[in-house]
Amino acid sequence: MATNAEKFRNFLEIAARLSSVAVIILITALTADRGLRFEGMSVMAIVMFIFFPVGIVVGMVLGWTRPILGGSITIICALIYYTLYIIQNGVIPLGETFYVFPAPGGAFLLKGIADVMISNQSK
């Protein structure tokens, strides 16, 4: 019988995977809708694009098999993007998508930490 910790870990895994698929689809749709035209983009805009959406998606894909690594990459890429955005624009990015899109990375990270804690408890 699964303990409460194992049930919570399983919930985190399902939530992280389902939400990551949804976010990857949304990011792909939004990026494809705007088109990938790099000509005329500043170097800063290209660097920002590398972290958000590319880094976010890479982190989520990795999160499926390596949740701590994938979750960390997602969150770190989001934080770097936010920092660059503030440097470039002088304001904090507005809009829920900036904060909702990296959320599956947090779920992957928590799931990975729960894996480690449960593994250590069984020893």
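Residues numbered from 1 in each chain as written. Predicted model: local features only at pLDDT ≥ 70, side-chain atom pairs only at ≥ 80, totals over all residues. Heavy atoms only, no water.

**Re the overall build of the protein**
Move 1: The secondary structure content of the protein amounts to five helices and zero strands.
Move 2: The order of helices and strands in the protein, counted from the N terminus, is α-α-α-α-α.
Move 3: Taken along its principal axes, the extent of the C-alpha atoms in the protein is 60 × 25 × 20 Å.
Move 4: Counting the 123 residues in the protein, one finds 31% classified as buried.
Move 5: Within the protein, residue pairs in contact and separated by at least 24 positions form 71% of the contacts whose partners lie at least 6 positions apart.
Move 6: Total accessible area on the protein is roughly 7,600 Å²; 71% of this is exposed by carbon and sulfur atoms.
Move 7: For the protein, the distance from the average position of its 8 positive side-chain charges to the average position of its 6 negative side-chain charges is 8 Å. (Helix = DSSP H or I, 4+ residues; strand = E, 2+ residues; numbered from the N terminus. Buried < 20%, exposed > 50% of the residue type's maximum accessible area, 1.4 Å probe, protein only. Contact = heavy atoms within 4.5 Å. Areas by Shrake-Rupley, 256 points an atom, 1.4 Å probe, with all protein chains shown as cover. Lys, Arg positive; Asp, Glu negative; His and termini not counted. Charge placed at Lys NZ, Arg CZ, Asp CG, Glu CD.)

**Let's talk about the packing of aromatic side chains**
Move 1: Considering all chains together, one arrives at five aromatic pairs under this definition.
Move 2: Look at Y81 and Y85: their rings are 6.1 Å apart centre to centre, the planes differ by 40°, and that puts the pair in the tilted class. Remark: Y85 and Y81 occur in helix α3 (residues 67-89); sequence separation between them is four residues, near one turn of the helix.
Move 3: By relative accessible area, which is 9% here, Y81 ends up buried. (Phe/Tyr/Trp six-rings, centres within 6.5 Å; stacked < 30°, edge-to-face > 60°.)

**Details of the packing of α3 against helix α5 (residues 103-122)**
Move 1: Contact geometry of α3 with α5 gives a least axis separation of 7 Å together with a crossing angle of 150°. Taken as axis vectors, α3 and α5 run roughly antiparallel relative to one another. The two elements α3 and α5 cross, and the hand of that crossing is left-handed. Where α3 approaches α5, its residues P67, I68, G71, S72, T74 and I75 are matched on the opposing element by G105, G106, F108, L109, K111, G112, I113, D115 and V116.
Move 2: Grouping the constituent residues of the contact of α3 with α5 by class yields seven nonpolar, six polar and two charged. (Axes fitted to C-alpha atoms, helices over the stretch in contact; angles between N-to-C directions. Parallel < 35°, antiparallel > 145°, perpendicular 65-115°, else oblique. Left-handed = near helix turned anticlockwise from the far one by under 90°. Nonpolar A, V, L, I, M, F, W, Y, C, P; charged D, E, K, R; others polar.)

**Considerations on the nonpolar core**
Move 1: One finds I56 and Y81 to be the most contacted residues of the largest nonpolar core, which totals 14 residues.
Move 2: Of all the elements in the fold, those that place two or more residues in this core are α1 (4-34), α2 (43-63) and α3.
Move 3: For this core, the leading source of residues is α3, giving six residues.
Move 4: With near-sequence residues (within four places) excluded, Y81 lies in contact with M48, F51, F52 and F98. (Core = buried A, V, L, I, M, F, W, Y, C linked by side-chain atoms within 4.5 Å.)

**Digging into the pattern of salt bridges**
Move 1: One pass over the structure, following the stated rule, counts three salt bridges.
Move 2: Among the ionic pairs, R9 bridges to D115, the shortest N-O distance being 3.4 Å. Taken together, the residues R9 in helix α1 and D115 in helix α5 connect sequence positions 106 residues apart.
Move 3: Its relative accessible area of 22% is what places D115 among the partly exposed residues.
Move 4: Close ionic contact of D115 with K111 constitutes a salt bridge, the shortest N to O distance being 2.6 Å. (Salt bridge = Lys/Arg side-chain N within 4 Å of Asp/Glu carboxyl O.)

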